[in-house]
Every structure is written in C-alpha cells, then in structure tokens.
Amino acid sequence: MSKKLNGTVIVTYRCNAKCTMCNRYKVPSLPEEEISIETIRKLPQMYFTNITGGEPFIREDLKDIVRELYKKSDRIVISTNGFFTDRIVDLCKEFPQVGIRISIEGLENTNNEIRGLPDGYNRGYTTLKKLVSMGMKDVGFGMTVQDKNAPDLVPLYNISNEMNMEFATASLHNSFYFVESNNIIHDRLMVAQNFEDLVNELLNSNSPKKWFRAYFNHGLINYIFSQKRLLPCDMSFDTFFIDPYGDVMPCNGTKEKEVMGNLNSQEWDELWNSEKAENVRKKVRCCDRNCWMIGSVSPAMHKYIWVPALWVIKHKFLFFWKKKKYSMYENKIVRDFRDGKVSKKELDACSTCENCR
C-alpha cells in the first residue's frame, strides 16, 4: 500500500478580493475550465488536504468537492476570505469536522485596505463568530505579514486566543501563483520585532502546538532576511498541489509554473511516477527560493521533527529557568544587519523580488 500524501487542491482562481500582495484575481480561471468532480475522484489517498483558491466558496459545487475529498482524506481545511458567510455556514452544517481558515490581514482598517474588500474584516469576523457558535472545533485566522500590518500581528493573535481559535501566519512571497514578483519586506527589523513578540507569546502559552508554531514564526524571521530555509523542502515527493486546470505541481512557490502532469487526461499513478514528474523533482532539489510557507514547512516539521523539537526544548528551558525571552538576534543575519555588516541592498538582492536585483 502506497503512503498517504499531503495535498492542496486549488479549486478556482476566481476571487472577489483584490489583495495588494496577490494579483491572482486579475487572471481568473473560467468556470468551465475548473477541476471537475471526475478529476477529483482520481486523486490519491491523503492524510491532509487543503482546499484553496482564489476564493473556493465562489464555486457553488464546493460541497460536492468536499464530499468526494472526504472519501480520500483524513483531514480537510478550507482557506477562505470568509466573505460568503451563508455558504460557509451551510457547508459546515454538513461537514462539522472540516477546518476553516479565514484570511484576516490585520485589524479592521488595515485588513480592508490590504484585501480590497469593502467591510471585509467585519464579514470575516462575523463568519468566524458564527462558526464558533455552531460548535466548530477547527476554526482560525490566517495572516500574511508585511510592513503595513506587522503592528497588528500580536493584537490579532490575542483576538484569536480569546476566541480559542487557531492562528496561522505567513509572509510575502513571489511566484506564478500570486502573479506577483515585487513583494518584499522593506523594514525588516520592525517586522521581525513583531514576529519576535509573537514567538514569545506562543512560547509563553501552555500549548505544545503553539510552541511549535513559535518555531515556524522563528523561521519566518529567517525567511524575511533572505536566508536559507531552516528545513529541507520535500515538495513533489510526499506533497503536491493541483490547480483548477488539473495540472499537478510540486508547490505554489516556484517562479514559473512547474507541471508534473495533468490529472484530467492521466491516471494518478501514471502521472506521479512519470519521467516528467521526476524531472520536476530534480528541479525541486535544486530550488533556491527558500520559501517558508505552511504548505511546505508543516510536512517538513513532521518529517524532521527533532529539529523544531530541540529548538522548542531549548527555548522553553530558557523561558522557565532563566526567564530569558526569545530574541530575533539569535539569528546571526539579524545581528549582522543591525551592526551594518550586511546591507539592505544585499538582502534585497537575495530575495525573490524582481525589482530589487
């Protein structure tokens, strides 16, 4: 029996938001082009599936997709902007075990400015509250941190904490998926300071899950300083993405779209074991983009568990016995930047921002 995989299903590129860090809404998929139930049925067995977009709840047959995916997946989480409250609530009534992550990019004014959705914050927040009142267990926020919203990072975490919700973070990335190549953090020390504050909040909690989230956010500081990833990337080996057109890809972080095969016209085993797929895996092994997104980092943290575990043990020891908080200056690159040993221009040149080279 083959091992279960980690899959992300991009059900549509249509989106009702106009986020400043993502231009996907400018090149949407057409409804008639989008992945069908027949193609969904060809997917392999998965231990985790993320459904994303675009905005997945734009698809009126999303319940049918979730129904099929539950035949193949142990756990499903849907990433959404939370705007279509009635559709989300309706789906969750049928699938109370599904996870929902609503993208909220800061407090009200900041969120609405970044996401380009009038009243987007209130719509998303209202949806979250309704799901909690329904007794949904796997609900939370997702936030992409940048200069504009970094000061809202800990306040938003505190809101999620008060509501007993999950809190997921990311930072700016450039790739074919975002149709964007000019995303970059400008004030790295300010953004890193806010991540440091969040790391200490997480380490100070009583939740082992949050301690490991602290490690993930430590990795985001490393990422925004354009450094090599803290863990190997195994995308395309035990993890995959499939887009609305049926193309199977290693991830959503590559500069150009890398295609392993098309599930509309192929069977899974044929596609996954093809020469084309092997060629993509060779590219992944040589990839230098150093992405730090939960889709690739979470499987790596499970696979190389001793790395984050040792980090957590060390920092919990410092926290409780020496009362020493986590500091972003534990990262040599942050000290070097502070001390003028490396310049902003040099760090910008190492990033994936094409206007900074």
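1. Let's talk about helix α12 (residues 306-321)
The terminal C-alpha atoms of α12 lie 22 Å apart, and with 16 residues this matches the ideal 22 Å at 1.5 Å per residue to within 8%. Inspection of α12 places Pro308, Ala309, Trp311, Val312, His315, Lys316, Leu318 and Phe319 among the buried residues, and these make up the whole buried set. Positive phi shows up at lysine 323, right after α12, with a value of about 55 degrees.

2. Points about the nonpolar core
In this structure, Leu43, Ile78 and Val98 are the most contacted members of the largest nonpolar core, which totals 105 residues. Setting aside anything within four residues of it in sequence, one finds valine 98 in contact with Tyr70, Ile76, Ile78, Leu91, Cys92, Met136 and Asp138.

3. Overview of the packing of aromatic side chains
In this structure the tally under the stated criterion is 17 aromatic pairs. When the ring of tyrosine 13 is compared with that of tyrosine 245, the centres are 6.0 Å apart and the planes differ by 55 degrees; the resulting orientation is tilted. Of the two residues, tyrosine 13 sits in the loop between β1 (5-10) and α1 (37-40) while tyrosine 245 sits in the loop between β7 (239-242) and β8 (247-249), which places them 232 residues apart along the sequence. The exposure class of tyrosine 13 is buried, given its relative accessible area of 2%. The partly exposed category is assigned to tyrosine 245, whose relative accessible area is 26%. Aromatic side chains tyrosine 215 and tryptophan 292 sit 6.4 Å apart centroid to centroid with 65 degrees between the ring planes, which places their arrangement in the edge-to-face category.

4. A word on the sheet that holds strand β5 (residues 139-145)
The sheet built from 9 strands is open, its strands ordered β6-β5-β4-β3-β2-β1-β7-β8-β9 with mixed pairing. One side of each edge strand has no neighbouring strand; the edge strands of this open sheet are β6 (166-171) and β9 (261-262). Looking at chain direction, β1 and strand β2 (residues 46-52) are connected through 6 bridges and run parallel. Within the sheet, the bridge partner assigned to threonine 8 lies in β2 and is asparagine 50.

5. Considerations on the environment of valine 154
Take valine 154: it is sitting in helix α6 (residues 153-162). Excluding anything up to four places from it in sequence, valine 154 contacts Asn194, Asp197, Leu198 and Glu201.

6. Regarding helix α3 (residues 85-94)
Note on helix geometry: an α-helix contains 3.6 residues per turn, so any two residues three or four positions apart are oriented the same way. Buried residues of α3: Thr85, Ile88, Val89, Leu91 and Cys92, and no others. Take α3 and look down its axis: the buried residues cluster within an arc of 165 degrees, on one side only. Exposed and oriented more than 90 degrees from the buried face of α3 are Asp86 and Lys93. Taken together, the buried residues of α3 touch α2 (62-69), β3 (76-80), β4 (99-103) and α5 (120-133).

7. Points about the pattern of salt bridges
Counted by the stated rule, this structure contains 30 salt bridges. Aspartate 234 is paired through a salt bridge with arginine 285; the nearest N and O atoms lie 3.2 Å apart. Within this pair, whereas aspartate 234 is found in the loop between α8 (208-224) and β7, its partner arginine 285 is found in helix α10 (residues 275-285), the two being separated by 51 residues in sequence. Taking relative accessible area as the criterion, aspartate 234 reaches 6% and is therefore assigned buried.

8. Examining unusual backbone geometry
Glycine aside, the phi torsion of most residues is negative, and most peptide linkages are trans. Cis peptide bonds are those with omega within 30 degrees of zero, and the linkage from glycine 53 to glycine 54 qualifies with 25 degrees. Inspection of the secondary structure puts glycine 54 in the loop between β2 and α2. Not every positive phi belongs to a glycine, and asparagine 290 is a case in point at roughly 55 degrees.

9. Focus on the pairing of β3
On a regular strand, each side chain points to the face opposite its neighbour's, so the side chains alternate between the two faces of the sheet. With 4 of 5 residues buried, β3 lies mostly within the body of the structure. In terms of strand pairing, β2 meets β3 through 3 bridges, oriented parallel. Residue pairing for β3: threonine 49 is matched across the bridge by isoleucine 76. Two elements, β3 and β4, share 4 bridges in a ladder whose sense is parallel. When the bridges of β4 are listed, isoleucine 78 appears paired with isoleucine 100. One crossover worth recording links β3 to the parallel β4 by way of α3, and it is right-handed.

10. A look at a nonpolar patch on the surface
Where nonpolar side chains cluster on the molecular surface, the patch consists of Ile305, Trp306, Leu310 and Ile313 and spans about 440 Å² of accessible area. Structurally, tryptophan 306 is set in helix α12.

11. Let's talk about the packing of α8 against α12
Working note: a packed helix pair is described by the angle between its axes plus the distance between those axes. Closest axis-to-axis distance for the α8/α12 pair is 9 Å, and the angle between their directions is 105 degrees. Comparing their axes, α12 and α8 come out roughly perpendicular. Contacts between α8 and α12 pair Trp211, Phe212, Ala214, Tyr215 and His218 from the former with Val307, Pro308, Ala309, Trp311, Val312 and Lys316 from the latter.

12. A word on the packing of α2 against α3
The contact between α2 and α3 brings their axes to 10 Å, and the two run at 30 degrees. Regarding the angle of α2 to α3, the classification is roughly parallel. For α2 against α3, the interelement crossing comes out right-handed. Residue-level inspection shows Leu62, Lys63, Val66 and Arg67 of α2 in contact with α3, the latter providing Asp90, Leu91 and Glu94. Residues belonging to the contact of α2 with α3 are distributed by class as follows: 3 nonpolar, no polar and 4 charged.

What counts and what doesn't
Think of each chain on its own: its residues are numbered from 1, step by step along the sequence as written. Totals for whole chains, interfaces and linings use every residue, but because this is a predicted model, local features are given only for residues with pLDDT of at least 70 and side-chain atom pairs only at 80 or more, for both listing and counting. Think of the side-chain values as coming from all heavy atoms in the structure, minus any hydrogens and water. Only runs of H or I of at least four residues qualify as helices and only runs of E of at least two qualify as strands under DSSP, and these elements are numbered from the N terminus. To estimate how far a helix should reach, multiply one less than its number of residues by 1.5 Å. Classification of residues uses two cut-offs on accessible area relative to the type maximum, computed with a 1.4 Å probe and protein chains only: under 20% is buried, over 50% is exposed, and between them is partly exposed. Among buried residues, the Ala, Val, Leu, Ile, Met, Phe, Trp, Tyr and Cys ones that are joined through side-chain atoms within 4.5 Å form a nonpolar core. Should any heavy atoms of two residues lie within 4.5 Å, those residues are counted as being in contact. Only centres within 6.5 Å qualify two rings of Phe, Tyr or Trp (six-membered ring in Trp) as a pair; their planes then separate them into stacked at under 30 degrees, edge-to-face at over 60, and tilted for everything else. Strands qualify as paired when DSSP identifies two bridges or more between them. Directions pointing from the helix axis toward each C-beta atom define the arc. The salt bridge definition used is simple: a Lys or Arg side-chain nitrogen within 4 Å of an Asp or Glu carboxyl oxygen. A crossover gets the label right-handed when its path from the first strand over the helix to the second runs clockwise, viewed with the strands pointing away from the viewer. Nonpolar side chains (Val, Leu, Ile, Met, Phe, Trp, Tyr) are joined into patches within 5 Å and like charges within 9 Å, using only residues with over 30% relative accessible area and no salt bridge. All accessible areas in this document rest on Shrake-Rupley with a 1.4 Å probe, and a residue is counted as covered only by the protein chains that are shown. Axis definition: a line fitted to C-alpha atoms, limited for helices to the stretch in contact. Angles are taken between N-to-C directions and run from 0 to 180 degrees. Oblique is the label for any angle not under 35 degrees, not over 145, and not in the 65 to 115 range, which are roughly parallel, roughly antiparallel and roughly perpendicular in turn. In this scheme, a crossing is called left-handed if the near helix is turned counterclockwise away from the far one by less than a right angle; it is called right-handed if the turn is clockwise. Classification used: nonpolar for Ala, Val, Leu, Ile, Met, Phe, Trp, Tyr, Cys and Pro, charged for Asp, Glu, Lys and Arg, polar for all others including Gly.

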